[in-house]
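Examination of the molecular architecture
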Amino acid sequence: MLRLGILGILALVVFAPLCARGTQTIQRGDYSFDLGDTPNWVDKRALPTAWDSTAPGMSGERWRYWLLDIQSDRRKGKRARYYDQAYEPISSELTGEAAKFDVGFFPDFQRLTVYEVALRRGGVWQDRLDPKRVTLARRESSFERDMTTGAVTALMVLDDVRPGDVVRIRYGIDGENPILAGLDDERATFAAASVILDRHMRVLADTDAKLAVRSLNGAPKPSEKTGHDFRELEWSAHGIAAIHDEGAYPIWYWVAPQVVVTEDRTWADVAAWARALYPPYKALPPDLEQQISKWKSLGKIDERISAALRAVQEEVRYFGTEIGDNSHRPAEPADTWNHRYGDCKDKARLLAAILDRLGIQAHPALVSASHGRGVADLPPAASAFDHVIVQVELSSEVIWLDATATQQRGPLRGLDRSDFGMALPVSAGTRDLVRVPPPTAVDGVHEHERYAAGVDGKVTLQVETRFSGFAAEQMRRSLQTQGKEEINRHYADYYRKRYGDIVVKQPVEIRQNDAENSVTVNEVYDLSNAWTSSTPASHVMETYADLIGSRVSLPKTMERTTPLAISHPSDIEQTVEVALPKGWRWHGQGDSKTIDDAFIHYEKNVRESDNVVHISQHYTSREDAADVTAANKHLQQLRGLNDMLGQRMVFSVPEQDAEKQRRQRLENVMRNIMDQKGDTKNDKPDD
């Protein structure tokens, strides 16, 4: 796949040679690629000599795509793909991006052929294909996510690329992972982060092939023709404006117009393919069988399931070897347990096997972590899925579990899971996608800050924060990865940023309640300067509900043309108490404000009682997204909510306390002066 750095390209393209050169294999260590002529089945697109003056991109652009083209040959079961990309850096800052590109492929079952690398300057094309400048490297970009895929990347850097040059790159990749058994698809997006003059897609299939086509989010419809040995579908678009990134998209939303093509099949066909990859498991290891015997003695079925789930989640670490068949075929459960590692499909199959030994019916289930319920918009294909969870069928209900999650606690039915939306169970009865209910574990944080002011103006701060649901899981993971000392430092630094020098009165106290799935954190600090501004006669304090603010931050664009994602389900409460010394006076008045619509509810209450100022703010979400029609109105609600999160409080001090503070300040000043004189005397040289 070709990548162009910071440009966030949403589509790929390819190229054609200036002169015929035949096929030549270039070896680079253990890997190789070919130089060759454009295949006969490819319909090479002509590049215009000038940009269409009626198309977007005539002015104000930093980067322009002259052509993005992808063509695929699926005849007789083969998979050959051709890419053609022509782009122009207009900004001098982007010539570095234009001068480099990389193409990823899987040498175990794919072959890369480079057809052309060329540059047009002043209307004249220059051949820039230099095999010596192409390197092949095993760049495991997924390794940081605990996966190895076997991908190899071809890297090339062009010399002397200038603003206004048009770079054209054409290449082909032949082959597809055989484990997919032909149940893959062809895709192309019809918009990008920069303007596109011409976008083209072409698919060749057998004459009798039945194809399933989806045009998503306004993508063009195909034209069609047939020949003596092919059926051809073709899509073209001209003058495509750049996509403005509005941010905060729901997972299921297709940001760019997209075309997806595959052979016409059913989800039952895909399920049958998956079942062949998940055969009956072999004997489990003796130590695991001993564990299972212990779990069988647990009284309730929920306890047995929870025990098995936690063992797979936390005793078997996540790591995937996604090479060849391993990309979709899970390991034998016994091997996964013995190795103590596996990816989502390995861990899901292991969990399903353990539950079966416990007499509980369970099946792995294919889902899309990338598109959630948006997978239902795609034509049925094995390539639609990128994650595996477990479906547990009880007598009266179905439970969905993610064996790759960690630090999950609390009631089984309240465990958080991502909003996958739709799943394809790997079971004999599967005929279609089934609905996965949205998460029930609320992302909950309840924080209480109590500021106790002394007559000298110093303040003791006590903080209690209770995390529940997904927030508790995140907190436990932080404890496991960072440790308590780092948590202490992190929490103290947070208040140092707000108040400057602080004294940590006691180490952070952390209490965990697994039964409730909660983590409670207690902190105590002395603040020498808790005031935004201060005089002997008055003090000003400002507070801000930052936890709520993180859930209601405004997106990049306030005028939406796309749906808006909402963090859901969330329940965040922040309360502040400011306890005043006797005689101090708060110059404010009680107030109550509410923001309420179909997507969120927010309340703020400010009051005083017994010389304590109370500020409570409570935010809850109701939906995971707002559609385009409602999003703009909802954003205005969020804008108003953000304005309410801060609170400024002014306190006046009794005259006797103010006088004490004046004398104390004067004494401090005089003491500093005397200290400075003493330092000067000590520095005086001897006679």
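Residues numbered from 1 in each chain as written. Predicted model: local features only at pLDDT ≥ 70, side-chain atom pairs only at ≥ 80, totals over all residues. Heavy atoms only, no water.

Under the criterion given, the structure shown has 47 salt bridges. When the shortest N-O distance is used, the salt bridge between Arg168 and Asp84 registers 2.6 Å. A residue pair is termed long-range when its members are at least 10 positions apart, and Arg168 in strand E11 (residues 166–174) and Asp84 in strand E4 (residues 80–89) qualify at 84 residues. Pair check on accessibility: Arg168 and Asp84 agree, each one buried. (Salt bridge = Lys/Arg side-chain N within 4 Å of Asp/Glu carboxyl O. Helix = DSSP H or I, 4+ residues; strand = E, 2+ residues; numbered from the N terminus. Buried < 20%, exposed > 50% of the residue type's maximum accessible area, 1.4 Å probe, protein only.)

The next subject is the side chain of Glu116. Along the chain, Glu116 falls in strand E6 (residues 111–121). On the basis of relative accessibility, which here comes to 4%, the residue Glu116 falls in the buried class. A distance of 2.8 Å separates the side chain of Glu116 from the side chain of Arg170, its partner in a polar contact. (Polar contact = N/O pair within 3.5 Å; in protein donor to acceptor, adjacent residues only side chain to side chain.)

Bringing the sheet that holds strand E17 (residues 258–263) into the picture now. Pairing is antiparallel in the open sheet, where 3 strands are placed in the order E12-E17-E14. Two strands in the sheet have a free side with no partner beyond their single neighbour: strand E12 (186–189) and strand E14 (211–216). This sheet shows a mean twist of 10° between the axes of neighbouring strands, independent of strand direction. Relative to E17, E14 is paired through 6 bridges, and the arrangement is antiparallel. Bridge pairing in E17 places Ala212 opposite Thr262. (Pairing = 2+ DSSP bridges. Axes fitted to C-alpha atoms, helices over the stretch in contact; angles between N-to-C directions.)

Turning next to empty space enclosed by the protein. A full pass over the atoms with the stated rule returns 3 cavities of 30 Å³ or more. Of the voids in this model, the largest cavity is the one considered here, and its volume is about 80 Å³. Every residue lining the largest cavity is listed: Glu447, Glu449, Arg498, Thr543, Tyr544, Ala545, Gln574, Thr575, Val576, Ile615 and Gln617. Of all the secondary structure elements, the ones that give two or more residues to the lining of the largest cavity are strand E26 (443–453), strand E31 (538–544), strand E33 (570–579) and strand E37 (612–621). In terms of residue count, the dominant contributor to the lining of the largest cavity is E33 (3 residues). In terms of residue class, the lining of the largest cavity is built from 4 nonpolar, 4 polar and 3 charged. Estimates place the volume of the second largest cavity at around 50 Å³. (1 Å grid on protein atoms, 1.4 Å probe; cavity = no way out; pocket = protein on both sides within 12 Å on 5 of 7 lines; lining within 4 Å. Points joined across faces, edges and corners; volume = space filled by probe spheres on them. Nonpolar A, V, L, I, M, F, W, Y, C, P; charged D, E, K, R; others polar.)

Okay, the pairing of E37 next. Summarising burial for E37: 7 of the 10 residues are buried, a large majority. Here E33 pairs with E37 via 9 bridges, running antiparallel. The residue of E37 that forms the bridge with Val578 is Val613. With 10 bridges connecting them, strand E36 (residues 600–609) and E37 associate as antiparallel partners. Pairing of Ser609 across the sheet is with Val612, part of E37. Linkage of E36 to E37, two consecutive antiparallel strands, is achieved through a turn of 2 residues, within which Asp610 is found at a positive phi near 50°.

For the rest of this paragraph, the subject is the packing of helix H3 (residues 286–296) against helix H6 (residues 344–357). Axis separation between H3 and H6 bottoms out at 10 Å; the angle between their running directions is 55°. Looking at the two axes, H3 sits oblique to H6. For the pair H3 and H6, the sense of crossing is right-handed. Facing H3, whose interface residues are Leu288, Glu289, Ile292, Trp295 and Lys296, H6 presents Leu350, Ile354 and Arg357. Residues that form the contact of H3 with H6 fall into these classes: 5 nonpolar, no polar and 3 charged. (Parallel < 35°, antiparallel > 145°, perpendicular 65-115°, else oblique. Left-handed = near helix turned anticlockwise from the far one by under 90°. Contact = heavy atoms within 4.5 Å.)

Turning our eyes to something else, we now look at the confidence of the model for the protein chain. Here the protein chain averages 91 in pLDDT, and 91% of its residues register 70 or above. Contacts of residues 1–20 to residues separated by more than four positions or lying in other chains number 98 contacts, the stretch itself having pLDDT below 50. (pLDDT = per-residue confidence, 0-100.)

Here we come to unusual backbone geometry. Between His568 and the following residue, Pro569, the backbone shows a cis peptide bond with an omega angle of -5°. Within the secondary structure, Pro569 sits in the loop between strand E32 (564–565) and E33. Phi is positive for Asn217, which is not a glycine, with a value near 55°. Counting through the fold element by element, Asn217 comes out in the loop between E14 and strand E15 (223–226). Residue Asn217 is classed as partly exposed on the basis of its relative accessible area, which comes to 36%. With a phi close to 60°, Arg340 is a non-glycine residue in the positive phi region. Looking at the secondary structure, you find Arg340 in the loop between helix H5 (333–339) and strand E20 (341–342). Taking relative accessible area as the criterion, Arg340 reaches 29% and is therefore assigned partly exposed.

Attention shifts here to the sheet that holds strand E24 (residues 422–425). Read from one edge to the other, the open sheet built from 5 strands follows the order E23-E22-E21-E24-E25, with strand pairing classed as antiparallel. Among the strands making up the open sheet, the edge pair consists of strand E23 (398–401) and strand E25 (434–435). Against the sheet, H6 touches strand E21 (361–367), strand E22 (387–393) and E23, its axis set at about 15° to E22.

Let's shift gears to the packing of aromatic side chains. Scanning the entire structure with this criterion turns up 15 aromatic pairs. Between Tyr494 and Tyr495, the ring centres sit 4.9 Å apart and the planes meet at 85°, which makes this aromatic pair edge-to-face. The class of Tyr494 is partly exposed, set by a relative accessible area of 30%. By relative accessible area, which is 2% here, Tyr495 ends up buried. A cation over an aromatic ring shows up here: Arg199 above the ring of Phe190, its NZ or CZ 5.5 Å from the ring centre. The positively charged end of Arg340 is found above the aromatic ring belonging to Trp337, 4.0 Å away from the centroid. (Phe/Tyr/Trp six-rings, centres within 6.5 Å; stacked < 30°, edge-to-face > 60°. Lys NZ or Arg CZ within 6 Å of the ring centre and 35° of its normal.)

Every buried residue of H3 is accounted for by Leu288, Ile292 and Trp295. For H3, the angular spread of the buried residues around the axis is 60°, confining them to a single face. The exposed residues of H3 that point more than 90 degrees off its buried face are Pro286, Gln290 and Lys294. Among the structural elements, helix H4 (301–315), H5 and H6 are those in contact with the buried residues of H3. (Arc of directions from axis to C-beta.)

Of the positions making up helix H2 (residues 267–277), those classed as buried are Trp267, Ala268, Val270, Ala271, Trp273, Ala274 and Leu277. Looking at the packing, one finds that the buried side of H2 touches E21 and E24.

As a further point, take the side chain of Gln574. Mapped onto the fold, Gln574 is located in strand E33. Within the structure, Gln574 has its side chain in polar contact with the backbone nitrogen of Ile548 (distance 3.0 Å).

Here the focus is the environment of Asp206. As for its position among the elements, Asp206 is in the loop between strand E13 (195–205) and E14. Note on Asp206: relative accessible area 23%, which makes it partly exposed. In sequence terms Asp206 and Glu232 are 26 residues apart; their C-alpha atoms lie 8.7 Å from each other. Residues within four places of Asp206 in sequence aside, it is in contact with Arg74, Arg75, Lys76 and Arg231. Within the structure, Asp206 has its side chain in polar contact with the backbone nitrogen of Lys76 (distance 2.9 Å).

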